[in-house]
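# Fold and contact review
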Amino acid sequence: MGIGDASLTGIRVFREVAARGSLSAAAGALGYTQSGVSRQIAALERAVGARLLERRPDGVRLTAAGRVVLRRAVVMLDEADAVGRELAGLAATGGTVRLGWFASAGAVLVPEALRILRASDPGVTVVSREGSTPVLVRGLRAGTIDLALLAAGPPFRAPDAEDPPLVLEVLSERPLRVAVPAGHPLAAAGHVDVEELRGLRWIAGQSAAGERLMGVWPGLGGRPVIAHTARDWLAKLRLVAAGLGVTTVPPSMADAMPAGVRLLEVRGGPLELRRLLLARRPGRPSDATGRLAEALRQAARPGERATSGTAGSADAVG
């Protein structure tokens, strides 16, 4: 037996588990029971003769065999979906692209890119969803999303260690800034020395994975004073506007400041650069994917041409 003896349903379930990182999350997305998902995975493992998933307290992780099967499964399901689209008579000039994006990209960049795409290629349909970097990378590997916008900070490592590496294109590289209330004594100068940030009251929140504090200037040392915690960016900035604290602002949010907030350049200390990355799986992207990629480039860097590269490859998207 082999993967050719497995059902497409079982392969789709496996891909969803790989993308979601847990059996229960996949069951919820597919409308299955968790036991139903487990049965499909067990049947697929019998067909290929290998264990595909390692069960862990925080979800599941693909085994070496699971990673091999996933790469083949993505190709098989893409072909099956292409047959379905062709039989349905989908126009060659259109197509659907699945886009994943990190939280702050939804404030300005994603809406602007979709506006550009609608004007240039109205036949292309985009289905998008927000997620953390690990979630989006799993979605790319599993083939449940076609493109992902990722945020990266120093030392700018690859988002995962899988082989082959994802194709990564740098759309922009800009410094982190600090948002302060418009009436704050620091607001008038338009910039602030890093030493002046010590002792301020910060509005912060945990990252999606919960492993680091977001919203406090990196490397200040000591224990920062956290006045308020919030994960929603609009809530953070409204708290700043109300004079209740300060927070860091990623470049993707720079054009979305509400009234009463001033953005300050931070001088002194290491330059805290943040990269905006466009990621996809290796291989030739579809025409629709390339058109969306171009719209994202335009939205990220108006009038400029983005540089490109990969964690091991030099191809760009599109």
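So, how was this worked out
Residues numbered from 1 in each chain as written. Predicted model: local features only at pLDDT ≥ 70, side-chain atom pairs only at ≥ 80, totals over all residues. Heavy atoms only, no water. Pairing = 2+ DSSP bridges. Helix = DSSP H or I, 4+ residues; strand = E, 2+ residues; numbered from the N terminus. Contact = heavy atoms within 4.5 Å. Axes fitted to C-alpha atoms, helices over the stretch in contact; angles between N-to-C directions. Buried < 20%, exposed > 50% of the residue type's maximum accessible area, 1.4 Å probe, protein only. Polar contact = N/O pair within 3.5 Å; in protein donor to acceptor, adjacent residues only side chain to side chain. Core = buried A, V, L, I, M, F, W, Y, C linked by side-chain atoms within 4.5 Å. Expected span 1.5 Å × (residues − 1). Parallel < 35°, antiparallel > 145°, perpendicular 65-115°, else oblique. Nonpolar A, V, L, I, M, F, W, Y, C, P; charged D, E, K, R; others polar. pLDDT = per-residue confidence, 0-100.

## Here we look at the sheet that holds strand β11 (residues 225-229)
A sheet is described by the order of its strands in space; here three strands give the open sequence β10-β9-β11, paired in mixed fashion. If you trace the sheet from one side to the other, it starts and ends with β10 (213-214) and β11, each paired once. Pairing geometry for strand β9 (residues 201-206) and β10, over two bridges, is antiparallel. Looking at β10, one finds that Q206 is bridged to L213. In the packing of helix α7 (residues 233-241) onto the sheet, contacts are made with β9, β10 and β11, and the angle to β9 comes to roughly 170°.

## Here's the deal with the side chain of R280
Inspection of the secondary structure assignment puts R280 in strand β14 (residues 273-280). Given the relative accessible area of 5%, R280 is considered buried. One polar contact links the side chain of R280 to the main-chain carbonyl oxygen of G283, over a distance of 2.5 Å.

## Brief notes about the pairing of strand β2 (residues 59-62)
The sheet contact formed by strand β1 (residues 53-56) and β2 spans four bridges and is antiparallel. From the neighbouring strand, R56 faces β2, where its bridge partner is G59. Counting the residues in the hairpin turn of β1 and β2 gives two residues.

## So, the nonpolar core
Residues F14, V17, L23, V37, I41, L53 and L70 are the most contacted members of the largest nonpolar core, which totals 24 residues. Counting residues per element, the ones that place at least two in this core are α1 (8-20), α2 (23-30), α3 (34-48), β2 and α4 (64-87). With six residues, α1 is the largest single contributor of residues to this core. Excluding residues that lie within four positions of it along the chain, L53 makes contacts with F14, V17, L23, I41, E45, V60, R61, L62 and T63. Counting 23 residues, the second-largest nonpolar core is a separate cluster that includes V97, V110, L292 and A300.

## Here we look at helix α8 (residues 287-300)
Along its 14 residues, α8 runs 20 Å from first to last C-alpha, staying within 8% of the 20 Å computed at 1.5 Å per residue. For α8, the buried fraction is high: 10 of the 14 residues fall into the buried class. Turning to α8, its buried residues number three or more, namely A288, T289, G290, L292, A293, A295, L296, R297, A299 and A300. Next to the buried residues of α8 lie β3 (95-101), α5 (109-120), β4 (124-130), β5 (147-152), β6 (167-175) and β14.

## Some thoughts on the packing of α1 against helix α6 (residues 133-142)
Two elements in contact, α1 and α6, have axes separated by 7 Å at closest approach and are oriented at 155°. Taken together, the axis directions place α1 and α6 in an arrangement best described as roughly antiparallel. The residues of α6 that touch α1, namely those facing R15, A18, A19 and R20, are V135, R138, G139 and A142. A per-class count over the contact of α1 with α6 returns four nonpolar, one polar and three charged.

## Regarding the sheet that holds strand β12 (residues 247-249)
Overall, mixed pairing links the four strands, which are arranged β8-β13-β7-β12 in an open sheet. At either end of the open sheet lies a strand with only one pairing partner, and these are β8 (191-193) and β12. Taking the axes of each pair of neighbouring strands and ignoring which way they run, one obtains an average angle of 45° across the sheet. Note that β8 and strand β13 (residues 261-267) share three bridges and pair parallel. Of the residues in β13, the one forming a bridge with V192 is V266. Against the sheet, α7 engages β7 (177-181), β12 and β13, with an angle of about 125° to β12.

## Overview of the confidence of the model for the chain
For residues with low pLDDT, the predicted coordinates do not support detailed interpretation. Across the chain, pLDDT averages 87, with 88% of residues at or above 70. Confidence, expressed as mean pLDDT per element, reaches its minimum in the chain at β10 with 78 and its maximum at β7 with 97. Every residue in residues 303-316 scores below 50 in pLDDT, and together they form 34 contacts with partners more than four places removed in sequence or on other chains.

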